[in-house]
Amino acid sequence: MTFVVTENCIKCKYMDCVEVCPVDCFYEGDNMLVINPDECIDCGVCEPECPAEAIFPDTQPGLESWLTLNAEYASVWPNIAIKRPEPADAKAFDGVAGKLRQLKLLPPATRLDVASDRH
Amino acid sequence: MTSSTEKLNHISEDSIRRLVDAFYVKVRLDPELAPIFARAIPGDWQPHLTKMYAFWSSVMLTTGRYKGNPVVKHLVIPDIRLHLFERWLTLFDETCGELFDETMREQFRTKAVRIAESLKLALFYRPDRRWPLEPGE
């Protein structure tokens, strides 16, 4: 079992989860984070820390596609273990519907060097 | 004055330290768990205990003090078996019951059971086998 990052993280990306995660299982895309299900130990510490309430246990129904997305991009994006400031417009996107269309599949532009080092 | 037999009712770094210390005394006396741990920690136990204070502090107090990869750490333990997780949980819950009030004991048990389940899946789950496995497998 694992926790899963879902749609409301997109363009909010607060990163509070990263600070509390004991096992550093978050991976960073340009405008979203995901959890590596193989590294998450299901401790649940991140869930209440997320200001966007975007993190859920995978036991909750209807999250299959998000679990797949988390697993897929955790293997592509670089690991993130230290919180940085959220995007300046994070609050404006909190709760906005249909953000999946705005998901950027690339690693964060500022960290392309990190991504290329790892893969 | 609090009596020495009064149960702790507040999660703190101190209560976590007391839990970890008392729990690993039990582990090191347990016929099933002791040999596994003795092989994994052949020398000084204090670094492991300190790491476990940090782990439970991260999990129960969200301090972010522990950073590690427990899945990998468990994968490399020879002779690790599914039923040992149940034994671990029994001793852990027993220790919580000796030190903590029921509310606090339940908070620790809930987390420990979930983390154990997650580690069991990581170590023993295969897509071509039924899950859960029977104890003893």
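Conventions adopted
Residue indices follow the written sequence of each chain, beginning from 1 at its first position. Chain letters start at A and ligand numbers start at 1, both assigned in the order the entries are written. Local features in this predicted model are restricted to residues of pLDDT 70 or higher, and side-chain atom pairs are both shown and tallied only at a pLDDT of 80 or more, whereas totals for entire chains, interfaces and linings draw on every residue. Only hydrogens and water are removed before side-chain values are computed, so all heavy atoms of the structure are retained for them. Working definition: helices are DSSP H or I runs of at least four residues, strands are E runs of at least two. Numbering for both runs from the N terminus. Between the two quantities, the radius of gyration covers C-alpha atoms and the globule rule is 2.2 Å times the number of residues to the power 0.38. The term salt bridge refers to a pairing of a side-chain nitrogen on Lys or Arg with a carboxyl oxygen on Asp or Glu at a separation within 4 Å. In this description, contact between two residues means that some pair of their heavy atoms is separated by no more than 4.5 Å. Accessible surface is computed with a 1.4 Å probe, and the buried area is the amount of it that two parts give up when combined, taken over both parts together. Throughout this description, a polar contact denotes any pair of N or O atoms lying within 3.5 Å of each other; where both atoms belong to protein, one of them has to be capable of donating a hydrogen while the other can accept it, and for residues adjacent in sequence the pair is counted only when both atoms sit in side chains. Here the term charged refers only to Asp, Glu, Lys and Arg, the term nonpolar to Ala, Val, Leu, Ile, Met, Phe, Trp, Tyr, Cys and Pro, and the term polar to all other amino acids, Gly among them. Working definition: with a 1.4 Å probe on protein chains only, accessible area under 20% of the residue-type maximum means buried, over 50% means exposed, and in between means partly exposed. This arc describes the spread of directions from the helix axis toward the C-beta atoms. Every residue gets a pLDDT, meaning the predictor's confidence in that residue, from 0 to 100. Within 6.5 Å between ring centres, the rings of Phe, Tyr and Trp (the latter by its six-membered ring) count as paired, and their orientation is classed by plane angle as stacked under 30 degrees, edge-to-face over 60, tilted in between.

## Some thoughts on the overall build of chain B
Counting secondary structure elements, chain B contains six helices and zero strands. In sequence order, chain B lays out its α and β elements as α-α-α-α-α-α. In terms of overall dimensions, chain B is globule-like: its C-alpha atoms have a radius of gyration of 16 Å, near the 14 Å expected for 137 residues. With the principal axes as the frame, chain B shows a C-alpha extent of 55 × 35 × 30 Å.

## Remarks on the pattern of salt bridges
Inspection of every chain in the model, using the stated rule, returns 20 salt bridges over all chains. Taken together, the salt bridges that share partners define one network made up of Asp-93, Glu-102, Arg-105, Glu-106 and Arg-109 of chain B.

## What to know about the interface of chain B and chain A
On the side of chain A, 19 residues touch chain B, which itself brings 18 residues to the contact. A per-residue breakdown of the area chain B buries against chain A is headed by Thr-62, Lys-67 and Arg-114 of chain B, which together make up 35% of the total. Linking chain B with chain A are two salt bridges. In this structure, the salt-bridge partner of Asp-24 of chain A is Lys-67 of chain B, at a minimum N-O distance of 3.1 Å. Applying the counting criterion to the chain B and chain A interface returns seven residue pairs in polar contact (both at pLDDT 80 or more). Those elements giving two or more residues to the side of chain B that touches chain A turn out to be helix 3 (46–61), helix 4 (70–75) and helix 6 (102–124) of chain B. Examining the composition of the side of chain B that touches chain A, we find that seven residues originate from one element, helix 6 of chain B, more than from any other. When the residues that make up the side of chain B that touches chain A are grouped by side-chain class, the tally is eight nonpolar, six polar and four charged.

## Observations regarding helix 2 (residues 64–74) of chain A
Residue and element names in this part refer to chain A. Taken as a whole, helix 2 has its buried residues at Trp-66, Leu-69, Asn-70, Tyr-73 and Ala-74. In a view along the axis of helix 2, the buried residues occupy a sector of 120°, so they form one face of it. Those residues of helix 2 that are exposed and aimed more than 90 degrees away from the buried face are Glu-64 and Ser-65. Buried positions along helix 2 lie against strand 1 (3–5), strand 2 (26–28) and strand 3 (33–35).

## Some points on the environment of His-10 of chain B
Residues and elements named next belong to chain B. Examined against the element boundaries, His-10 turns out to sit in the segment before helix 1 (13–29). Along the sequence, His-10 and Thr-103 sit 93 residues apart, while their C-alpha atoms lie 9.5 Å from each other. Discounting residues that sit within four places of it in the chain, His-10 has contacts with Ser-15 and Met-104.

## Topic: the confidence of the model for chain A
This prediction gives chain A a mean pLDDT of 92; 92% of its residues lie at or above 70. Predicted confidence for residues 115–119 of chain A stays below pLDDT 50, and this span has eight contacts to residues more than four positions away or in other chains.

## A word on the confidence of the model for chain B
Predicted coordinates in regions of low pLDDT should not be interpreted in detail. Within chain B, residue pLDDT values average 92, and 95% of them lie at 70 or more. Reported confidences for the modelled complex are a pTM of 0.88 and an ipTM of 0.84.

## Describing the packing of aromatic side chains
Residues and elements named next belong to chain B. Following the criterion strictly, the structure yields 15 aromatic pairs over all chains and no others. Ring geometry for Phe-85 and Phe-124: centres 6.1 Å apart, planes at 90°, overall edge-to-face. In this pair, Phe-85 is assigned in helix 5 (residues 82–99) and Phe-124 in helix 6, connecting sequence segments 39 residues apart. Relative accessible area serves as the criterion here: at 12%, Phe-124 is assigned to the buried category. Each ring, one from Trp-88 and one from Phe-92, has its centre 4.8 Å from the other, and the planes form 20°; the classification is stacked.

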